[in-house]
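# Summary of the model geometry
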Amino acid sequence: MSNCKELEESYGNAMRAVCPGGFKLQEGKMVTESGISALDSLLDKVYRDTGFDFREYKRGTITRRLERRLHATGAKTYPDYMQFLDVHQEEYESLIDYLTINVSGFFRNPYTFQQISSLVLPELVSGKRAKGQQNLRFWSTACACGQEPYSIAILITDFLRNSLKDFDISIYATDISRYGLHRAKAGVYSPNEVVGLSPTTLANYFTRQSEDYVVNGAIRQMVRFSYFDLASRATPHFGSMDCIFCCNVLIYLQKSLQEKVLEMLYDSLAIPGYLILGEAETPTNNLDGKLDCLDSKVKIYEKNGESDNI
Ligand SMILES: C[S@@+](CC[C@H](N)C(=O)[O-])C[C@H]1O[C@@H](n2cnc3c(N)ncnc32)[C@H](O)[C@@H]1O
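Residues numbered from 1 in each chain as written. Predicted model: local features only at pLDDT ≥ 70, side-chain atom pairs only at ≥ 80, totals over all residues.

Our focus in this paragraph is the sheet that holds strand E8 (residues 223–227). Pairing between the strands of a sheet comes from backbone hydrogen bonds, and it takes one of two forms, parallel or antiparallel. In spatial order, the strands read E8-E4-E3-E9-E10-E12-E11; together these seven strands make up an open sheet with mixed pairing. Edge strands, defined here as strands with exactly one partner in the open sheet, are E8 and strand E11 (291–295). Direction aside, the axes of adjacent strands within the sheet are offset by 20° on average. Relative to strand E4 (residues 168–175), strand E3 (residues 135–140) runs parallel, the two being bridged by six bridges. Paired with Ser140 across the strands is Ala173, a residue of E4. Contacts between helix H8 (residues 147–160) and the sheet are confined to E3, E4, E8 and strand E9 (241–246), with E4 contributing the most and set at about 165° to the helix. Helix H9 (residues 178–186) contacts E4 and E8 of the sheet and is inclined by roughly 160° relative to E8. (Pairing = 2+ DSSP bridges. Helix = DSSP H or I, 4+ residues; strand = E, 2+ residues; numbered from the N terminus. Axes fitted to C-alpha atoms, helices over the stretch in contact; angles between N-to-C directions. Contact = placed C-beta atoms within 7 Å.)

To continue, consider the site of the ligand. Neighbouring the ligand are 20 residues; Thr100, Ser104, Ala142, Leu230 and Cys247 lie closest to it. Class assignment of the residues belonging to the shell around the ligand gives a composition of nine nonpolar, seven polar and four charged. (Near = placed C-beta within 6 Å. Nonpolar A, V, L, I, M, F, W, Y, C, P; charged D, E, K, R; others polar.)

Before going further, it helps to spend a moment on the environment of Ile300. You can see Ile300 is positioned in strand E12 (residues 300–303). A count of 21 C-beta atoms within 10 Å places Ile300 in the buried class. Put simply, Ile300 and Ile276 are 24 residues apart on the chain and 4.8 Å apart in space, counted from C-alpha to C-alpha. With near-sequence residues (within four places) excluded, Ile300 lies in contact with Gln115, Ile116, Leu119, Val120, Tyr274, Ile276, Leu294 and Asp295. (Buried ≥ 20, exposed ≤ 12 C-beta atoms within 10 Å, placed from the backbone.)

Right, let's talk about the packing of helix H4 (residues 59–73) against helix H6 (residues 91–99) for a bit. For the pair H4 and H6, interaxial distance at closest approach is 9 Å and the crossing angle is 145°. H4 and H6 meet at a crossing whose hand is right-handed. Contact residues: H4 offers Ile62, Arg65, Arg68, Arg69 and Thr73, while H6 offers Glu91, Ser94, Leu95, Tyr98 and Leu99. In terms of residue class, the contact of H4 with H6 is built from four nonpolar, two polar and four charged. (Left-handed = near helix turned anticlockwise from the far one by under 90°.)

So, about the nonpolar core. Among the nonpolar cores identified, the biggest contains 58 residues, and Ala153, Ile244, Cys246, Leu275 and Ile276 are the most heavily contacted of them. When residues no more than four places from it in sequence are discounted, the contact partners of Ile276 are Thr112, Ile116, Cys243, Ile244, Phe245, Cys247, Lys299 and Ile300. (Core = buried A, V, L, I, M, F, W, Y, C linked by C-beta atoms within 7 Å.)

This part is about the confidence of the model for the chain. Mean pLDDT over the chain stands at 88; residues scoring 70 or higher make up 87%. Of the regions scoring below 50 in pLDDT, residues 1–31 engages in 36 contacts with residues more than four places distant in sequence or in other chains. (pLDDT = per-residue confidence, 0-100.)

Read from one edge to the other, the open sheet built from three strands follows the order E5-E7-E6, with strand pairing classed as antiparallel. One side of each edge strand has no neighbouring strand; the edge strands of this open sheet are strand E5 (188–189) and strand E6 (206–209). The pairing of E5 with strand E7 (residues 212–215) spans two bridges and is antiparallel. Bridge pairing links Tyr189 to Tyr213 in E7.

In this section: the pairing of E9. The element E9 is extensively covered by neighbouring structure, given that six of its six residues are classed as buried. Pairing analysis gives three bridges linking E3 to E9, with the strands arranged parallel. When the bridges of E9 are listed, Ser140 appears paired with Phe245. Pairing of E9 with strand E10 (residues 269–277), which is carried by five bridges, proceeds in the parallel orientation. Of the residues in E10, the one forming a bridge with Phe245 is Ile276.

This is the structure:
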């Protein structure tokens, strides 16, 4: 019974509702009589029907978010909800919106951007100049509604000033949220969404449109938005990157998936290449020794390439 109680606590009300007659523990999973976790079945179905793969996301976050959809649709159990999805395919859109958490902001964690300007950009730019190269390539891997890649574009523009024209800058911005990508491409933000930006940044990089603020063309031109699923195990086709942002998305993934994602990002980095993680995120053990930490407070790492040359 104490096992069940612990499980109830960690898996939440939704799981309790799935197995009203009780549930059993097998290899650390709650299972139904048929031996398959109801949550696994639901996530398998979501993957089959939509291609979105949440099977290796942290269960706590997923169950909390699913509870809200169960409540909204009147479903009492996961099997009920699966039946609801069969009849109401449009529910998938709301479900995906709930499971992808689009919270973001311009220059979210301002100190991170400050340190990129002090530690990363000077090295990167002088290295490129020394090699006679003009391309600077950035990747915002979970760009939500676009605030992160546009912040990167503004940061680079402010940093390079008159030398901007000497460089060919590409900022790839990807996400799995169609809603996020749609908003990101539009580049239109409400007064609330730009509240932290200085009057100078607003004046230099945005145009007022009624109540809203629209990102200016010069900044938008640097950013290319597209769909890319970090959980898909696919290799991105963008080529090697000078700097990759993977902020506030690893926290939603189980360790095994975090490892795979970080390995793929590491392989996508040039040498030198810089990896920026969210404040609550750290590289997994598989990257031990392959990345040098430039600032542990803001999680900036440099690929040193040493292990790659062995
Ligand atoms: C909390 S937001 C972070 C946005 C931004 N990086 C930041 O730090 O402000 C998390 C984003 O990760 C995206 N996401 C979740 N799973 C993903 C995956 N497998 N591949 C790509 N993006 C994903 C979500 O759609 C959401 O836009």
